[in-house]
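Below, each chain spelled out in residue letters.
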Amino acid sequence: MNFKQLLTEDRAVSPVIGVILMVAITVILAAVIGTFVLGLGDQVSESAPQAQFGFDFTNGTYATIVHDGGDSIPDDTLTVSVGGTTAYEGGATDEIKSSFDQTGANDGWGSEVTAGSTLKLDTDGGAGDQAGNDVRVIWASSNSDKTATIGQATWQG
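What you are looking at is a predicted structure, and each value in this text was computed from that prediction instead of being measured. (Residues numbered from 1 in each chain as written. Predicted model: local features only at pLDDT ≥ 70, side-chain atom pairs only at ≥ 80, totals over all residues. Heavy atoms only, no water.)

(A) Spatial organisation of the overall build of the protein. Counting secondary structure elements, the protein contains three helices and eleven strands. Going from the N terminus to the C terminus, the protein shows its helices and strands as α-α-α-β-β-β-β-β-β-β-β-β-β-β. By residue count, 31% of the 157 residues in the protein fall in the buried class. Look at the contacts in the protein between residues 6 or more apart in sequence, and 54% of them connect residues 24 or more apart. (Helix = DSSP H or I, 4+ residues; strand = E, 2+ residues; numbered from the N terminus. Buried < 20%, exposed > 50% of the residue type's maximum accessible area, 1.4 Å probe, protein only. Contact = heavy atoms within 4.5 Å.)

Here it is as structure tokens:
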């Protein structure tokens with residue numbers, strides 16, 4: 001074997017590696033651009049908050065819902081439904097529907113629902129005994145139409 005010829009050889013592997021790298025970069029860029037063009041990028045970044053809610057029921061007419069821990073949640077993204085009927089709709093007015101009156105001085109969760117935040121419902125306002133109905137705390141995204149049930153219990157009488 002002639003070592004002088006080996007050291008003076010003009011051919012190299014660099015052009016092959018260069019082409020492979022260019023193809024790889026093109027494929028990666030196409031995948032990233034395609035993801036955002038198809039709107040998949042927004043769905044990946046948005047997920048329901050992780051929170052635990054405790055439910056306490058009295059006589060089928062009173063309910064207390066407490067945020068026991070987890071993420072802080074803006075109140076305007078939360079709704080409470082009882083038996084499929086909206087009982088509370090968060091937001092600037094913290095609206096408790098007329099058939100689900102507030103108890104005491106409680107007028108909603110406030111602007112930010114954090115651990116320890118309490119919502120009290122009283123069905124003496126017209127909804128009557130709710131025993132056996134499903135109570136759900138529902139989160140709705142402020143950026144899209146995505147919703148998720150983040151707390152659920154059966155109203156105990």
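(B) Local environment of the packing of aromatic side chains. Applying the stated criterion across every chain, the model contains two aromatic pairs. Ring geometry for Phe55 and Phe57: centres 6.2 Å apart, planes at 10°, overall stacked. Classification of Phe57 by relative accessible area gives buried; the value is 15%. Members of the aromatic cluster, connected to one another through ring pairs, are Phe55, Phe57 and Trp155. (Phe/Tyr/Trp six-rings, centres within 6.5 Å; stacked < 30°, edge-to-face > 60°.)

(C) Highlighting the pairing of strand β11 (residues 147-154). Strand direction decides the pairing type here: strand β10 (residues 134-140) and β11, joined by seven bridges, are antiparallel. The residue of β11 that forms the bridge with Arg136 is Gln152. Hairpin remark: β10 followed by β11, antiparallel, with six residues in the connecting loop. (Pairing = 2+ DSSP bridges.)

(D) Spotlight on the nonpolar core. By size, the foremost hydrophobic cluster in this structure holds 24 residues, and its most contacted members are Phe53, Ile65, Val80, Trp109 and Val137. Secondary structure elements with two or more residues in this core: β1 (51-58), β2 (62-70), β4 (78-82), β5 (85-89), β9 (118-122), β10 and β11. Dropping the residues within four chain positions of it, Ile65 is found in contact with Phe53, Gly54, Phe55, Val80, Trp109, Ser117, Thr118, Leu119, Val135 and Val137. (Core = buried A, V, L, I, M, F, W, Y, C linked by side-chain atoms within 4.5 Å.)

(E) Spatial organisation of the side chain of His67. Counting through the fold element by element, His67 comes out in strand β2. Given the relative accessible area of 1%, His67 is considered buried. Leaving out residues up to four positions away in the same chain, His67 has contacts with Ala51, Gln52, Phe53, Ile73, Val113, Thr114, Ala115, Gly116 and Ser117.

(F) Looking closely at the pairing of β5. Sheet topology places β4 next to β5; four bridges connect them, and they run antiparallel. Bridged to Val80 within β5 is Tyr88. Between β4 and β5, which follow one another and run antiparallel, lie two residues, and Gly83 among them has a positive phi close to 60°.

(G) Seen up close, the environment of Ser142. The topology assignment puts Ser142 in the loop between β10 and β11. Taking the relative accessible area as the measure of exposure, Ser142 reaches 64% and is therefore exposed. In this structure the C-alpha to C-alpha distance between Ser142 and Thr77, which are 65 residues apart in sequence, comes to 6.5 Å.

(H) How the structure looks around helix α2 (residues 14-37). End to end, α2 covers 34 Å across 24 residues, agreeing with the expected 34 Å (1.5 Å per residue, within 8%). Within α2, only zero of the 24 residues are buried, which leaves the element largely exposed. (Expected span 1.5 Å × (residues − 1).)

(I) Spatial organisation of a nonpolar patch on the surface. Residues Ile25, Leu29, Ile33, Val37 and Leu38 make up a contiguous nonpolar surface patch of roughly 540 Å² in combined accessible area. Along the chain, the position of Val37 falls in helix α2. (Patch = residues over 30% accessible without salt bridge, like charges linked within 9 Å, V, L, I, M, F, W, Y side chains within 5 Å. Areas by Shrake-Rupley, 256 points an atom, 1.4 Å probe, with all protein chains shown as cover. Salt bridge = Lys/Arg side-chain N within 4 Å of Asp/Glu carboxyl O.)

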